[in-house]
Amino acid sequence: MEGKLYTGEDYKKEFDSQNYLKTYYTFDSGTVAENEILKFNLKNLFETFSSGELRGDVLSNTGPGPTIYQLLSACEAFREIIASDHLQQNPQEVKKWLKKEPGVCELEGDSGRRRRPVSKGQSRGLLKWDSNQPHPLGPAQVPPVNCVLTLLALECACHDVDAYRAAGRGLVSLLKPGGHLVTAVALRTQHYMVGAKKFFGLHLEKETVEKALQEAGCQVLRCRYSPVSYSEAHCINEGICFVVTRKSPRA
Ligand code: SAH
C-alpha cells in the first residue's frame, strides 16, 4: 500500500476517531480478526481485574483513544480512573458513549450497566499524555497511582525501540511502588490504517516488550501471547501480547 505514512505530530490533525472505531471495533463479517483481538484483550482484562489481585484507589488509563472496552472490567476494581490521551478528539467519542448518543460503537452485551460507574465521580476527565516526554502527563499533578493500563498505544506513539523503552520508564514512574502496569501490544507492527490514512507502527517482539518493562523496574507476572493478527487491509502485524507487571515494592 503506497501513500504517506503518518507519525508523531500528524496524529493531532490526521487521526479520525470515528474511522478508527469503524475499522477496528465494528462487528461485521469484514472484521473477524479485529473481533478476535478484541476478545483476546477482553478475556485478559477480565482475568486480570476480576481476580482481586489488582485493585485499589486510582487507575491511570493512558492512550485509550476513542475506546472504552479496556475499562469494562477495570472500573469494578478501582475507585477512580484517570484517562490521558494525546488527542483532543478521542474523548469526544467516549463522552458520547457515556451519554448513550446515537452512532456510538456498542459492545456486544453492553447493556449500559457499566457506564454509570465510569461516568459519575469515578473519572477525572481527560489529561494530556505524550508518551515521548520524560514526564508523560506534563505539568498535571497526579499522585502516584495503583495501576497504569495502556493498550495498543505505545507501538503507535514510539518511533523506535529506545523511545519505547523510555516511554515504559515514563509510565512506570507514574506508579506507586508495588503498583501494576498492564499493557497489550500488537507485535511486529509495520503500519495501521485509520480510514484511508496509514499510520506508523513500531516493530516489537514479545521479548523486547518484556525486557523493556523489566528494565523500567517491573517484574513480569504474566505474559499471554496470541498469534492472531489484524486483517491485512487494516494493519500489518504478527501476533499480540498481553502483559501484567508489578513495579518493585522498593522502587
Ligand atoms: N487504546 C486504543 C486506541 C489505540 S489508537 C485501543 O485499544 O484501540 C493509538 C493511540 O495512540 C491513539 O489514542 C493516539 O492518541 C495515541 N498516541 C499517538 N501518539 C502518541 C503519543 N506521542 N503519546 C501518547 N499517545 C499517543
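- The name an unreviewed UniProt entry gives the protein is Indolethylamine N-methyltransferase, with Monodon monoceros as the organism.
- In UniProt, the protein has this text filed under Sequence similarities (unreviewed entry): "Belongs to the class I-like SAM-binding methyltransferase superfamily. NNMT/PNMT/TEMT family."

Some details on the nonpolar core
- In terms of nonpolar packing, the biggest core is built from 39 residues, with Phe49, Leu59, Leu149 and Tyr192 touching the most fellow members.
- The set of elements that each furnish at least two residues to this core consists of helix 2 (17-24), helix 3 (32-50), strand 3 (78-85), strand 5 (145-151), strand 6 (175-186), strand 7 (191-194) and strand 11 (240-247).
- The dominant element in this core, judged by the number of residues it contributes, is helix 3, at five residues.
- Apart from residues no more than four positions distant in its own chain, Leu149 is found in contact with Leu45, Phe49, Leu59, Ser60, Asn61, Thr62, Gln70, Leu71, Ala74 and Val182.
- Counting 29 residues, the second-largest nonpolar core is a separate cluster that includes Ala153, Leu171, Leu202 and Val209.

Some details on unusual backbone geometry
- If you check the backbone angles, Leu152 has positive phi at about 55 degrees while not being a glycine.
- You can see Leu152 is positioned in the loop between strand 5 and helix 6 (154-157).
- In this structure Leu152 comes out as buried when scored by relative accessible area, which is 11%.
- Backbone geometry places Arg188, a non-glycine residue, at a positive phi of 45 degrees.

How each quantity is defined
Per chain, the residues get numbers from 1 upward, laid out in the order the sequence is written. Where totals are concerned, whole chains, interfaces and linings use all residues; where local detail is concerned, this predicted model gives features only for residues with pLDDT of at least 70, and gives and counts side-chain atom pairs only at 80 or more. Hydrogens and water molecules were not included; the side-chain quantities draw on all heavy atoms of the structure. UniProt positions are given in the numbering used here, feature names are shortened, and annotations may be inferred rather than shown by experiment. To qualify as a nonpolar core, a set must consist of buried Ala, Val, Leu, Ile, Met, Phe, Trp, Tyr and Cys residues joined through side-chain atoms within 4.5 Å. Relative accessibility decides the category of a residue: with a 1.4 Å probe and only protein chains considered, values under 20% of the type maximum give buried, values over 50% give exposed, and everything between is partly exposed. In this description a helix means any DSSP run of H or I spanning at least four residues, a strand means any run of E spanning at least two, and both kinds are numbered starting from the N terminus. Residue contacts follow a heavy-atom distance rule, with two residues in contact if any of their heavy atoms lie within 4.5 Å.

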